[in-house]
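Per-entry structural report
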Amino acid sequence: MPFQSSGVVVARSLIKTNPQLVESIARATAEGVAFVHKPANKEIVVRSLGRNLRLAPDRAENAYHGLIAALPRRPCPSMEGVASMLKLMAQHGLNAKAAQVKAEELVDMSYCKRFEDSGFFKSLY
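Report follows, based on the coordinates.

What counts and how
- Residues numbered from 1 in each chain as written.
- Predicted model: local features only at pLDDT ≥ 70, side-chain atom pairs only at ≥ 80, totals over all residues.
- Heavy atoms only, no water.
- Helix = DSSP H or I, 4+ residues; strand = E, 2+ residues; numbered from the N terminus.
- Buried < 20%, exposed > 50% of the residue type's maximum accessible area, 1.4 Å probe, protein only.
- Contact = heavy atoms within 4.5 Å.
- Expected span 1.5 Å × (residues − 1).
- Arc of directions from axis to C-beta.
- Salt bridge = Lys/Arg side-chain N within 4 Å of Asp/Glu carboxyl O.
- Disulfide = S-S within 2.5 Å.

Turning our eyes to something else, we now look at the overall build of the chain. Helices and strands together make up the secondary structure of the chain, namely eight helices and zero strands. Along the longest, intermediate and shortest principal axes, the C-alpha atoms of the chain span 45 × 40 × 25 Å. The proportion of buried residues among the 125 residues of the chain is 23%. Sequence-distant contacts in the chain: of pairs separated by 6 or more residues, those separated by 24 or more amount to 65%.

Next comes the structure, spelled out in C-alpha cells:
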C-alpha cells in the first residue's frame, strides 16, 4: 500500500510570500537525500545514525540499509501515498475531515517538476 510517511509541509501562505525559502528547503532536502544515497558517504551516515539514534554499530548498519532501501532518490510526494494517509486518518478517527480532502488539493508538485525539468535531480547523482 503506498503511504506518504514524511515530507516537507508548509502553509500555502509561505509559498506565496516566500517561495525562495520554500525552494531552498526543498533543494536542501533533495541534497540531503542524495548525500545519504552516495556510497562514499556510507561511513558518516552510519556513524550519524548510530550517534543520533543511540544504536550499536551493527544496528546502525542495519538502519542504514533500511534507510537506503526505503528512501526515494527523488523526495517528491506520492499522490497515492497522500491519498492512503488521508483515508487512514479518517478511518482511525484522527481527522474526520480527511475523508473530504483530495490529495491533489494538498500537494504542490511544482518544485519536484521544476527540479526534474531543470536537471537538478539528475545533477545530484
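Picking up after the structure, the text goes on.
It is worth spelling out the environment of Met 89 at this point. Positionally, Met 89 belongs in helix α5 (residues 79-91). Its relative accessible area of 24% is what places Met 89 among the partly exposed residues. Distance in space between the C-alpha atoms of Met 89 and Ala 99 is 7.9 Å, their sequence separation being ten residues. Once you skip the residues sitting within four places of it in the chain, Met 89 turns out to touch Leu 94, Asn 95 and Ala 98.

Another aspect to go through is helix α3 (residues 42-53). Here α3 spans 16 Å end to end across twelve residues, near enough to the 16 Å set by a 1.5 Å rise per residue. Residues Val 45, Val 46, Leu 49 and Gly 50 constitute the buried set of α3. Buried residues along α3 cover an arc of 135 degrees about the axis, so they all sit on one side. Turned more than 90 degrees from where α3 packs its buried face, Glu 43, Arg 51 and Asn 52 sit exposed. Structurally, α3 contributes buried residues whose contacts are with α2 (19-37) and α4 (57-70).

Our focus in this paragraph is the environment of Ala 103. With respect to the element layout, Ala 103 can be found in helix α6 (residues 103-106). When the C-alpha atoms of Ala 103 and Met 85 are compared, they prove to be 9.2 Å apart, with 18 residues separating the residues in sequence. Each residue touching Ala 103, except ones within four places of it in the same chain, is listed here: Met 79, Val 82, Ala 83 and Leu 86.

A few words on unusual backbone geometry. Here Arg 54, not a glycine, exhibits a phi torsion of approximately 55 degrees, which is positive. Structurally, Arg 54 is set in the loop between α3 and α4.

Before going further, it helps to spend a moment on the pattern of salt bridges. Per the stated rule, a full pass over the model turns up six salt bridges. We note a salt bridge from Glu 23 to Arg 114, for which the minimum N-O separation is 2.6 Å. Of this pair, Glu 23 sits in helix α2 while Arg 114 sits in helix α7 (residues 110-118); the two residues are 91 residues apart in sequence, bridging distant segments of the chain. Note on Glu 23: relative accessible area 12%, which makes it buried. Ionic contacts of the salt-bridge type, sharing partners, join the residues Glu 23, Arg 27 and Arg 114 into one network.

Overall, the coordinates contain one disulfide when judged by the stated rule. A sulfur-sulfur distance of 2.2 Å marks the disulfide that ties Cys 76 to Cys 112. When the S-S torsion is -115 degrees, as for the bridge of Cys 76 with Cys 112, the disulfide is left-handed. Of this pair, Cys 76 sits in the loop between α4 and α5 while Cys 112 sits in helix α7; the two residues are 36 residues apart in sequence, bridging distant segments of the chain. Residue classification places Cys 76 among the partly exposed positions, given a relative accessible area of 22%.

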